[in-house]
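Close look at the chain arrangement
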Amino acid sequence: MLSNCSKTEVLKIAERVCETAEIKPFYIDSRMNKNNITVSIGLATFFRGIQLLDDIYRIANQWLYRVKTNGRNQVKVVKNN
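Summarised in this report is the structure supplied together with it.

Definitions and limits used
- Residues numbered from 1 in each chain as written.
- Predicted model: local features only at pLDDT ≥ 70, side-chain atom pairs only at ≥ 80, totals over all residues.
- Heavy atoms only, no water.
- Helix = DSSP H or I, 4+ residues; strand = E, 2+ residues; numbered from the N terminus.
- Expected span 1.5 Å × (residues − 1).
- Contact = heavy atoms within 4.5 Å.
- Buried < 20%, exposed > 50% of the residue type's maximum accessible area, 1.4 Å probe, protein only.
- Arc of directions from axis to C-beta.
- Core = buried A, V, L, I, M, F, W, Y, C linked by side-chain atoms within 4.5 Å.

**Thoughts on helix α2 (residues 53–70)**
The end-to-end C-alpha distance of α2, which contains 18 residues, comes to 26 Å, matching closely the 26 Å that a straight helix rising 1.5 Å per residue would cover. Where the residues of α2 are buried, they touch β3 (41–43) and β4 (75–77). Immediately beyond the C-terminal end of α2, within one or two residues, lies G71, with a positive phi of roughly 135°.

Given below as C-alpha coordinates:
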(Lines give C-alpha, C1' and ligand atoms only; values in the text may rest on other atoms or scores of the structure.)
Protein backbone atom coordinates (compact mmCIF):
# COMPACT_ATOMS: atom_id res chain seq x y z
CA MET A 1 0.00 0.00 0.00
CA LEU A 2 1.53 3.29 -1.11
CA SER A 3 0.05 6.65 -0.24
CA ASN A 4 0.61 10.06 -1.78
CA CYS A 5 1.87 8.53 -5.02
CA SER A 6 0.52 9.01 -8.49
CA LYS A 7 -0.51 6.03 -10.59
CA THR A 8 2.61 6.60 -12.72
CA GLU A 9 4.89 6.58 -9.66
CA VAL A 10 3.31 3.41 -8.29
CA LEU A 11 3.64 1.70 -11.67
CA LYS A 12 7.36 2.59 -11.83
CA ILE A 13 7.88 1.21 -8.30
CA ALA A 14 6.04 -2.01 -9.13
CA GLU A 15 8.04 -2.49 -12.33
CA ARG A 16 11.27 -1.91 -10.41
CA VAL A 17 10.23 -4.57 -7.87
CA CYS A 18 9.66 -7.06 -10.71
CA GLU A 19 12.99 -6.25 -12.37
CA THR A 20 14.94 -6.46 -9.10
CA ALA A 21 13.34 -9.75 -8.06
CA GLU A 22 14.24 -11.28 -11.40
CA ILE A 23 17.96 -10.41 -11.26
CA LYS A 24 18.74 -10.73 -7.54
CA PRO A 25 19.59 -14.17 -6.13
CA PHE A 26 17.06 -15.56 -3.68
CA TYR A 27 18.24 -18.07 -1.07
CA ILE A 28 15.69 -20.25 0.73
CA ASP A 29 17.85 -22.67 2.67
CA SER A 30 20.97 -22.79 4.80
CA ARG A 31 23.01 -24.43 1.98
CA MET A 32 22.77 -21.14 0.12
CA ASN A 33 21.20 -22.71 -2.96
CA LYS A 34 20.41 -19.89 -5.34
CA ASN A 35 16.89 -19.72 -6.70
CA ASN A 36 15.35 -17.43 -9.28
CA ILE A 37 12.02 -15.81 -8.55
CA THR A 38 9.60 -13.59 -10.41
CA VAL A 39 6.96 -11.23 -9.08
CA SER A 40 3.50 -10.60 -10.46
CA ILE A 41 1.63 -7.51 -9.29
CA GLY A 42 -1.99 -6.47 -9.69
CA LEU A 43 -2.15 -2.71 -9.30
CA ALA A 44 -5.26 -0.74 -8.39
CA THR A 45 -5.74 2.79 -7.12
CA PHE A 46 -8.71 4.51 -5.57
CA PHE A 47 -11.17 5.77 -8.14
CA ARG A 48 -14.80 6.83 -8.30
CA GLY A 49 -17.02 4.03 -7.06
CA ILE A 50 -14.49 2.64 -4.59
CA GLN A 51 -15.90 3.00 -1.09
CA LEU A 52 -13.84 0.67 1.06
CA LEU A 53 -10.23 -0.40 1.35
CA ASP A 54 -11.47 -3.99 0.97
CA ASP A 55 -12.74 -3.05 -2.50
CA ILE A 56 -9.31 -1.91 -3.62
CA TYR A 57 -7.71 -5.13 -2.30
CA ARG A 58 -10.33 -7.24 -4.08
CA ILE A 59 -9.78 -5.42 -7.38
CA ALA A 60 -5.97 -5.61 -7.11
CA ASN A 61 -6.23 -9.32 -6.31
CA GLN A 62 -8.40 -9.91 -9.39
CA TRP A 63 -5.80 -8.18 -11.56
CA LEU A 64 -3.02 -10.18 -9.91
CA TYR A 65 -4.65 -13.40 -11.08
CA ARG A 66 -5.07 -11.97 -14.58
CA VAL A 67 -1.33 -11.30 -14.61
CA LYS A 68 -0.56 -14.83 -13.46
CA THR A 69 -2.78 -16.25 -16.19
CA ASN A 70 -0.94 -14.24 -18.87
CA GLY A 71 2.61 -14.99 -17.76
CA ARG A 72 5.11 -14.10 -15.10
CA ASN A 73 7.01 -11.09 -13.88
CA GLN A 74 4.45 -8.50 -14.93
CA VAL A 75 2.54 -5.58 -13.55
CA LYS A 76 -1.11 -5.22 -14.54
CA VAL A 77 -2.95 -1.95 -13.91
CA VAL A 78 -6.72 -1.63 -13.55
CA LYS A 79 -7.74 0.23 -16.70
CA ASN A 80 -10.71 2.25 -15.47
CA ASN A 81 -9.18 4.17 -12.59
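**Here's the deal with helix α1 (residues 7–23)**
Taking 1.5 Å per residue, 17 residues should reach 24 Å; α1 reaches 25 Å between its end C-alpha atoms and fits that length. Those residues of α1 that sit buried are V10, A14, C18 and A21. In a view along the axis of α1, the buried residues occupy a sector of 80°, so they form one face of it. Facing away from the buried side of α1 by more than 90 degrees, the exposed set consists of T8, K12 and I23. The secondary structure elements touched by the buried residues of α1 are β3 and β4.

**Considering the nonpolar core**
Nonpolar side chains in soluble globular proteins tend to end up buried together. Membership of the largest hydrophobic core is limited to seven residues, which are V10, A14, C18, I41, L43, V75 and V77. Within the residue set of this core, elements represented by two or more residues are α1, β3 and β4. Look past the residues within four positions of L43 in its chain and what remains in contact with it is V10, L11, V75, K76, V77 and V78. If you look at the next biggest cluster of nonpolar residues, it comprises six residues, including A44, I56, A60 and W63.

**Observations concerning the environment of T20**
Here T20 lies in helix α1. Distance from T20 to I37, taken between C-alpha atoms, is 9.8 Å for residues 17 residues apart in sequence.

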